[in-house]
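# Geometric and topological summary
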Amino acid sequence: MPSHQNILLHPWVTLRGFWRERFDAWLDRRLKPRSTVTLDQRRVFIFPTRFGAWLGILLFCLLVGAINYENSLVFALCFLLGSQFVVAMLYTFRNLSGLTLSAGHSESVFVGEDAPFEVVFSRDGERGYEALYAGFPDAPVQQVDLVVERECRVRLYARARHRGRMKPGRMLVETYYPVGMLRAWTWVDLGMECIVYPKPVAAGKLPASAGGDEEGEHTAGSGSDDFAGIREYRPGDSLRQIAWKSLAREQGLH
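Position labels on residues start from 1 in each chain and follow its written sequence. Only residues with pLDDT of 70 or above have their local features reported here, since the model is predicted, and side-chain atom pairs are shown and tallied only from 80 upward, although totals for entire chains, interfaces and linings are computed over all residues. Only hydrogens and water are set aside; all other atoms, that is, all heavy atoms of the structure, feed into the side-chain values.

### Let's talk about the packing of helix α2 (residues 50–69) against helix α3 (residues 72–94)
How two helices sit against one another is set out by the angle between their axes and by the gap between those axes. Heads up, the condition is: Here an axis means a line fitted to C-alpha atoms, over the contact stretch when the element is a helix, while the angle between two N-to-C directions is reported on a 0 to 180 degree scale. Only DSSP runs of H or I covering at least 4 residues are called helices, and only runs of E covering at least 2 are called strands; the numbering of each starts at the N terminus. Orientation is classified from the angle alone, with under 35 degrees giving roughly parallel, over 145 giving roughly antiparallel, 65 to 115 giving roughly perpendicular, and any other angle giving oblique. In this scheme the crossing of two helices becomes right-handed for a clockwise turn of the near helix relative to the far one and left-handed for an anticlockwise turn of less than a right angle. Residue contacts are defined here by distance: any two heavy atoms, one from each residue, within 4.5 Å place the two residues in contact. Lys, Arg, Asp and Glu make up the charged group, whereas Ala, Val, Leu, Ile, Met, Phe, Trp, Tyr, Cys and Pro make up the nonpolar group; the residues left over, Gly among them, are polar.
Where α2 meets α3, the axes come as close as 9 Å, and the angle between the chain directions of the two elements is 155 degrees. Put simply, α2 runs roughly antiparallel to α3. The way α2 lies across α3 gives a crossing that is left-handed. In contact with Gly52, Leu55, Leu59, Leu62, Leu63, Ala66 and Ile67 of α2, α3 contributes Val74, Phe75, Leu77, Cys78, Leu81, Gly82 and Phe85. In terms of residue class, the contact of α2 with α3 is built from 12 nonpolar, two polar and no charged.

### Digging into the nonpolar core
Rule in force here: In this description, a nonpolar core means a group of buried Ala, Val, Leu, Ile, Met, Phe, Trp, Tyr and Cys residues linked to one another through side-chain atoms lying within 4.5 Å. Burial classes follow relative accessibility: with a 1.4 Å probe on protein chains only, a residue under 20% of its type's maximum area counts as buried, one over 50% as exposed, and anything between as partly exposed.
Judged by nonpolar contacts, the single largest core of 31 residues is most densely connected at Leu99, Phe121 and Met171. Residue assignment for this core shows that the elements contributing at least two residues are β5 (114–122), β6 (129–135), β7 (142–146), β8 (151–159), β10 (171–175), β11 (182–188) and β12 (194–197). Sorting elements by how many residues they give to this core places β5 first, with four residues. The next biggest cluster of nonpolar side chains, apart from the first, holds eight residues, and it includes Leu62, Cys78, Met181 and Leu182.

### Observations concerning the sheet that holds strand β3 (residues 100–106)
Convention followed: Two strands form a pair only when DSSP identifies at least two bridges running between them.
Across the sheet, which stays open at both edges, the four strands sit in the order β1-β3-β5-β8 with antiparallel pairing between neighbours. One side of each edge strand has no neighbouring strand; the edge strands of this open sheet are β1 (36–38) and β8. Sheet twist, expressed as the average angle between the axes of neighbouring strands with direction ignored, equals 30 degrees. Relative to β8, β5 runs antiparallel, the two sharing nine bridges.

These figures capture arrangement, not role.
Here you go:
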């Protein structure tokens, strides 16, 4: 029987899945899949981090205290920290805005392996991009910096769980630059795909007649040069050595 903890968590899991589906459908309408995407205000989302939220609570408390006690120094401190928060918001947004993402080369893999997908990060103008993090869901994240280079090629990996054509889906690109008070992110679908082949099965050891010597050349099994009697057929034996008369007498393959 299911435990009480699983029963209590089931509504929350269902609700989370419902909102996840609604969010994915909204992303499909707003950010359609393209092979090349340039990030702008429609594609970049920004929200305070936990540190930024605590800073906002502190600013609110400072403002209330300054109003109650009519303290000019507290007003100045509150406005100074608030202006820094607004400037950090602008710089965090600019660290993604204007960045161009393009689909690169993808490789075929077997089931159970990590499929590599190449993503090209490029920029125009003199603006640099620092401390960018990119990756697919449930996969390792790669850091990207575009300060000197105009273009950077990054390999991102996604686990291949089923054979056939694999589409990794949306890729998360985020940044906390410069001070970590805000997080700017986007979900981008570059329409990449690859072929996933069935996982190969181990064939076991080769038969004795299909071995090789130390030079790497093919060598035949025992009894191939001189007649050494009759034995039962083994998989891999040459058809030229089959005793056809024995087969004609219905004595089996020898």
